[in-house]
Amino acid sequence: MQKRTFLKSALALGVALSAAPILTACNKAEPEKQAAAQAPAAAPAAAEAPKLKPIKVAVTAGPHADIVTKAAEVAKKQGFDVKVVEFTDYITPDTALAEKQLDVAVYQHEPFLLNFNKQKGTDLVVAGNAVVQPMGLYSNKIHSLDDIKADTKIAIPNDPSNGGRALVLLEKAGIIKLKPDYKGEASIHDVAENPRGVKLVELEAAQLPISLQDLDVACVPMNYAVSGGLDVNKQGFYFESRDAKYALIIIAARPDNVQSPEVQTFVKCYQSPEVAAFIKEKFKGQINPAWEQPAK
């Protein structure tokens, strides 16, 4: 009887001992599972920034083309393709922009943009400031306002915005006086007084520099003065103030793309230190970066 009891106890002990390695292994594995469960999940790989689509930027020939070309070089270093498309007039670029043939336009001041929207039923918007470039009076014969006498032939741009801008400049110079109640952009019909008896002639803005030999004075936007080879110091003798609203050139886009990565990146490339340095070096103060000297 005792022998049987001993055998039973021995058998029970053997089973317990044989099970011990299994229980020990299970207990050892449990903390590993818990540690694995508590360990933070591996961070997902960072998503690559979406590749920017190529864009087309409208400019007028001359300084704006030069500056945007420099901005395109800055963009290219970032893998961003900017194509510069040159025009010789003020209307076609905005028309192409509105029709989505182009993505951005850099050549105009905001009053021109607003007038274009009003006349054409478009809704182009300002994406950023470009440069400050005042309109001035230029001549090969006359070197001061006092030299402007009766029958002096003065040419102004024939587009409404820059034509009105020129008339305001002539009024500020004391050459003419405009009607106090004119609306919108001034026109020749808004001239109320012409005390010196000057003759006003309307010409396409791009033609003003090359027509100067047949004129006494021309009111020339700075971009055409520079591209036309006019010497601002020798031929120019009266200018808009640097904070004039017409002197600030803007970057234009559409409501549907103005906040796009492409347009926003282009604005940053344009308003870069590299472009600012290029403007200062090339134009010697005739044209200045607007983002470094905000218009008042």
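Residues numbered from 1 in each chain as written. Predicted model: local features only at pLDDT ≥ 70, side-chain atom pairs only at ≥ 80, totals over all residues. Heavy atoms only, no water.

Topic: the confidence of the model for the protein
The predicted structure's coordinates, where accompanied by low pLDDT, should not be read in detail. Which entries qualify depends on this criterion: How sure the predictor is of each residue is captured by pLDDT, a score from 0 to 100. Note on contacts: a residue pair is in contact if any heavy atoms of the two residues lie within 4.5 Å.
When pLDDT is averaged along the protein, the result is 85; 82% of the residues meet or exceed 70. The low-confidence segment residues 1-33, where pLDDT is below 50, has zero contacts with residues more than four positions distant or belonging to other chains. When the criterion is pLDDT under 50, residues 42-46 qualifies, and its contacts beyond four places in sequence or with other chains add up to zero contacts.

Observations concerning the nonpolar core
How we decide: Definition used in this section: a nonpolar core is a set of buried Ala, Val, Leu, Ile, Met, Phe, Trp, Tyr and Cys residues joined via side-chain atoms within 4.5 Å. Relative accessibility thresholds used throughout: buried, under 20% of the residue-type maximum; exposed, over 50%; partly exposed, between the two (1.4 Å probe, protein chains only). For the purposes of this entry, the term helix denotes a DSSP run of H or I that reaches at least four residues, the term strand denotes a run of E that reaches at least two, and both are numbered from the N terminus.
Membership of the largest hydrophobic core comes to 62 residues, with the highest contact counts inside it found for V57, V106, I251, F266 and Y270. Of the residues forming this core, the biggest block, seven residues, is contributed by helix α2 (residues 63-77). The residues contacting I251, other than those within four sequence positions of it, are V104, A105, V106, V125, V126, A127, G128, N129, A130, F266, V267 and Y270. By size, the runner-up hydrophobic cluster in this structure holds 21 residues, among which are I156, L170, V217 and Y238.

A word on unusual backbone geometry
At K100, a position not held by glycine, the phi torsion is positive, near 65°. Here K100 lies in the loop between α3 (91-98) and β3 (104-109). Residue K100 is classed as exposed on the basis of its relative accessible area of 54%. Despite not being glycine, D151 shows a phi value in the positive range, around 70°. One can find D151 in the loop between β5 (136-138) and β6 (153-157).

Brief notes about α3
Residues lying three or four places apart along an α-helix face the same way, a consequence of the helix completing one turn every 3.6 residues. This is how it is decided: By arc we mean the arc of the directions from the helix axis to the C-beta atoms, nothing more.
Within α3, the full set of buried residues consists of P93, D94, A96 and L97. Each buried residue of α3 sits inside an arc of 160° when the element is viewed along its axis, so together they form one side. Trailing α3 by a residue or two, K100 shows a phi angle of about 65°, which is positive.

Regarding the pairing of strand β2 (residues 82-87)
The following threshold applies: Only strands that DSSP links by at least two bridges are regarded as paired with each other. Handedness is read with the strands pointing away from the viewer; a crossover is right-handed when the path from the first strand over the helix to the second is clockwise.
As paired strands, strand β1 (residues 55-60) and β2 are joined by six bridges and run parallel to one another. Counted as the bridge partner of V57 is V84 from β2. Of the crossover connections in this fold, the one passing from β1 over α2 to the parallel β2 is right-handed.

What to know about helix α5 (residues 160-172)
To keep things clear, this is the line we draw: Helix span is expected to be 1.5 Å times the residue number reduced by one.
Here α5 is 13 residues long and its end C-alpha atoms lie 18 Å apart, about the 18 Å a rise of 1.5 Å per residue gives. The complete set of buried residues in α5 reads S161, N162, G163, G164, R165, A166, L167, L169 and L170.

What to know about the environment of H143
Considering the arrangement of structural elements, one finds H143 in the loop between β5 and β6. Taking the C-alpha atoms as reference, H143 lies 7.2 Å from Q235; in sequence the two are 92 residues apart. With residues near it in sequence (within four places) discarded, H143 still touches K234 and F237.

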